[in-house]
Amino acid sequence: MQRRVLVVEDEPSIAETILYALRTELFDAVHHETGNDALAALTMESFDCVILDVGLPDISGFDVCQRLRQHSQVPVIFLTARDGEIDRVLGLEIGGDDYVPKPFSPRELVARVRAILRRAPASPKTETLTTKLAPSDPLHHDERRKVIHCHGKALDLSRNEYTLLLTFMKHPGRVLSREELLDLAWPDPGSVTDRTVDAHIKSLRAKIRDAVPDFDPIETRRGLGYALKEA
Ligand code: CA
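Just so you know, these numbers come straight off a predicted model, no measurement behind them.

(A) Region of interest: the packing of aromatic side chains. Scanning the model with the defined rule gives 2 aromatic pairs in all. Their ring planes at 70 degrees and their centres at 4.8 Å tell us that Phe-62 and Phe-78 sit as a pair that is edge-to-face. Of this pair, Phe-62 sits in helix α3 (residues 61-68) while Phe-78 is found in strand β4 (residues 76-80), placing the two residues 16 residues apart along the sequence. Classification of Phe-62 by relative accessible area gives buried; the value is 8%. Among the aromatic side chains, those forming a connected cluster through ring pairs are Phe-62, Phe-78 and Tyr-99.

Next comes the structure, spelled out in structure tokens:
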């Protein structure tokens, strides 16, 4: 089945490059230039993935994502010109699935789309937030209070431990390398090293064990990284 990708980008040359790359790889690519047009399309039609520019002429890509998340869990890849780490963290918290800073290679972007679709093989439209946060899941994120619960117990996490665990929860089952974790979960990855990741994983595990003895949802994949065990 052909996968449908919505491209929201106001810069014609960038949009063209992305559409060309997607169509070459046999995706059904649809393009909109503004956030409002994109939101309208997203309520009318179903898509497998959204590539969303942050800087749009009407409303920001973050606003689009936030409104979209009220009714859909379709995967979102942000395109950002500002490689600011604050943007990245903000993007994660409002429900983005991945980031590609500009300038980017269209081939890499398409690879990211493929990777995301592999993680969400079922129709994303039907995958609701409740399936991810089912009460039977050992981990639960209270978005409003910015607290993660483990088997119903609130975890007392530092900011980095919190974003680290949240990053795992957004990618259950996926092996994340130390580099990816630094990139996704740290506001300033340049200032820290791989050892920082290991140290935070260790403290995170300890805090989870404190809350729920003998429970270790984080798997170490030697030479590859870490993964959150799927519930
Ligand atoms: Ca733009």
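(B) Structural context of the pattern of salt bridges. This model, assessed by the stated rule, comprises 13 salt bridges. Where Arg-4 meets Asp-28, a salt bridge forms, and the shortest distance between an N and an O atom there is 3.1 Å. Placement of the pair is Arg-4 in strand β1 (residues 4-8) and Asp-28 in strand β2 (residues 28-32), with a sequence separation of 24 residues. What makes Arg-4 partly exposed here is its relative accessible area of 22%. Accessibility expressed as a relative area gives 25% for Asp-28, which makes it partly exposed.

Basis of the calculations
Residues numbered from 1 in each chain as written. Predicted model: local features only at pLDDT ≥ 70, side-chain atom pairs only at ≥ 80, totals over all residues. Heavy atoms only, no water. Phe/Tyr/Trp six-rings, centres within 6.5 Å; stacked < 30°, edge-to-face > 60°. Helix = DSSP H or I, 4+ residues; strand = E, 2+ residues; numbered from the N terminus. Buried < 20%, exposed > 50% of the residue type's maximum accessible area, 1.4 Å probe, protein only. Salt bridge = Lys/Arg side-chain N within 4 Å of Asp/Glu carboxyl O.

None of this, on its own, says anything about what the molecule does.
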